[in-house]
Amino acid sequence: MVIVPFAMLFGVLSAEAGLGPWETQIFSVAVFAGASQLAALQLMQDQAPVLVILATGLAVNLRMMMYSVALTPHLGAAPLGIRALIAYFLVDQSFALSLAEFEKNRSLTVAEKVAYFFGTVTPITAIWNVSTAVGAHLGRAVPDTWGLDFAMPITFVGMTAAMLTTLPHAVAMAVSVGVTLMLWAMPYGTGLLVGAAVGMAAGAITEAWRDRA
């Protein structure tokens with residue numbers, strides 16, 4: 001339900017930023033990571049330095065490394081080419097659904113797990129790209145009253161809340177949010193980069209402390 005407005009929002013904002021429909025679509029296919037797409041687009045509109053744009057996109061997508069670690073016990077035995085495709089299609093929804101299913105049905109074979117993963121992401125990919133194209137073509141014709149910008153925070157709040165199952169997770173979340181808010185005045189949103197790094201460090205320290213206790 002949230003993929004449609006989320007993708008449309010990216011298409012609309014891309015049109016407002018001066019990107020043509022084909023440029024928007026290529027951007028969406030090449031990156032395929034909604035949050036970093038929006039972050040990069042905002043920085044491009046602010047005329048931020050290229051290195052800042054790249055660093056922000058990387059920071060926003062660092063969670064994919066943790067997703068990969070969590071899925072490796074289940075999908076790590078798949079052939080290299082398949083794992084490369086999984087890496088490209090690894091998004092929040094495909095990770096959350098797949099991990100929940102793999103943990104629930106531990107008797108699944110690697111082939112069955114791979115099939116399930118691609119089964120989760122196929123409709124997401126199609127809906128994302130179609131909705132991006134619709135948003136790009138509608139552009140400024142979409143009124144603000146549609147409230148498309150609600151989709152991104154609702155998506156991440158819903159998924160993040162379900163993942164806060166341990167003390168290190170909660171500490172990482174609280175510290176990263178707190179530091180990011182304290183550094184809100186830093187240029188080009190670079191406070192987010194600092195907040196993400198400090199939050200991950202706090203979570204790692206908490207986990208190490210818990211393991212020693």
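Procedures and definitions
Residues numbered from 1 in each chain as written. Predicted model: local features only at pLDDT ≥ 70, side-chain atom pairs only at ≥ 80, totals over all residues. Heavy atoms only, no water. Helix = DSSP H or I, 4+ residues; strand = E, 2+ residues; numbered from the N terminus. Buried < 20%, exposed > 50% of the residue type's maximum accessible area, 1.4 Å probe, protein only. Contact = heavy atoms within 4.5 Å. Expected span 1.5 Å × (residues − 1). Arc of directions from axis to C-beta. Axes fitted to C-alpha atoms, helices over the stretch in contact; angles between N-to-C directions. Parallel < 35°, antiparallel > 145°, perpendicular 65-115°, else oblique. Left-handed = near helix turned anticlockwise from the far one by under 90°. Nonpolar A, V, L, I, M, F, W, Y, C, P; charged D, E, K, R; others polar. Salt bridge = Lys/Arg side-chain N within 4 Å of Asp/Glu carboxyl O. Core = buried A, V, L, I, M, F, W, Y, C linked by side-chain atoms within 4.5 Å. pLDDT = per-residue confidence, 0-100.

Peer 1: Describe the environment of Met173, with residues and values.
Peer 2: Mapped onto the elements of the fold, Met173 is located in helix H10 (residues 167-182). Overall, Met173 belongs to the partly exposed group, its relative accessible area being 34%.

Peer 1: Quick rundown of the side chain of Ser14? Include the residues and the values.
Peer 2: As for its placement among the helices and strands, Ser14 is situated in helix H1 (residues 3-16). For Ser14, the contacting residues outside a window of four places in its chain are Leu19, Thr24 and Leu41.

Peer 1: Hey, could you go over H10 for me, with residue numbers and the actual values?
Peer 2: For H10, built from 16 residues, the straight-helix expectation of 22 Å at 1.5 Å per residue is met to within 8% by its first-to-last C-alpha distance of 22 Å. For H10, the set of buried residues is Pro168, Ser176 and Val179. Axial view of H10: buried residues confined to an arc of 75 degrees, hence all on one face. Where the residues of H10 are buried, they touch helix H11 (191-212).

Peer 1: Describe the packing of helix H5 (residues 63-75) against helix H7 (residues 92-104), with residues and values.
Peer 2: It is the contact of H5 with H7, at a shortest axis distance of 11 Å, that shows an interaxial angle of 30 degrees. Comparing their axes, H7 and H5 come out roughly parallel. For H5 against H7, the interelement crossing comes out left-handed. Residue-level inspection shows Arg63, Met64, Tyr67, Ala70, Leu71, His74 and Leu75 of H5 in contact with H7, the latter providing Asp92, Phe95, Leu99, Phe102 and Glu103. Here the contact of H5 with H7 is composed, by residue class, of eight nonpolar, one polar and three charged.

Peer 1: Would you mind going over the pattern of salt bridges in detail, with residue names and values included?
Peer 2: Throughout the structure, instances matching the rule amount to two salt bridges. The partner of Glu101 in a salt bridge is Lys104, and the shortest N-O contact between them spans 3.7 Å. Separated by three residues within a single helix, Glu101 and Lys104 lie in helix H7, roughly one turn from each other. For Lys104, a relative accessible area of 60% puts it in the exposed group. Here Arg106 makes a salt bridge to Glu103, at a shortest N to O gap of 2.4 Å. Note on Arg106: relative accessible area 60%, which makes it exposed.

Peer 1: So what about the nonpolar core? Which residues, and what values?
Peer 2: Within the largest apolar cluster, 32 residues are counted, with the highest numbers of intra-cluster contacts made by Leu71, Leu75, Leu90, Phe117 and Phe118. Of all the secondary-structure elements, those providing two or more residues to this core are H1, helix H3 (34-45), helix H4 (50-60), H5, helix H6 (80-89), H7 and helix H8 (110-138). By residue number, the principal contributor to this core is H8, which donates six residues. Non-local contacts of Phe118, meaning those with residues more than four positions away in its chain, are made with Ile82, Leu85, Ile86 and Phe89.

Peer 1: Give me the environment of Ser14: which residues, what numbers.
Peer 2: Note on Ser14: relative accessible area 0%, which makes it buried. Between the C-alpha atom of Ser14 and that of Ala136, which follows or precedes it by 122 residues, the distance is 6.7 Å.

Peer 1: Run through the confidence of the model for the chain, naming residues and quoting values.
Peer 2: Here the chain averages 84 in pLDDT, and 88% of its residues register 70 or above. The secondary structure element of the chain with the lowest average pLDDT is helix H9 (residues 151-163), at 62, and the one with the highest is H6, at 95.

Peer 1: Hey, could you go over the packing of H3 against H4 for me, with residue numbers and the actual values?
Peer 2: For the pair H3 and H4, the least separation of the axes is 9 Å and the interaxial angle reads 160 degrees. Considering their axes alone, H3 and H4 lie roughly antiparallel with respect to each other. The handedness of the crossing between H3 and H4 is right-handed. Across from Ala35, Ser36, Ala39, Ala40, Leu43 and Met44 in H3, the residues of H4 making contact are Val52, Ile53, Thr56, Gly57 and Val60.

Peer 1: Account for H4, with residues named and values stated.
Peer 2: Regarding H4, the residues found buried are Val52, Ile53, Thr56, Gly57, Ala59 and Val60. Buried residues of H4 fall within an arc of 160 degrees about the axis and therefore sit on the same side. Looking at H4, the residues exposed on the side facing more than 90 degrees away from the buried face are Val50, Leu51, Leu54 and Leu58. In this fold, the buried residues of H4 make contact with H3, H5 and H11.

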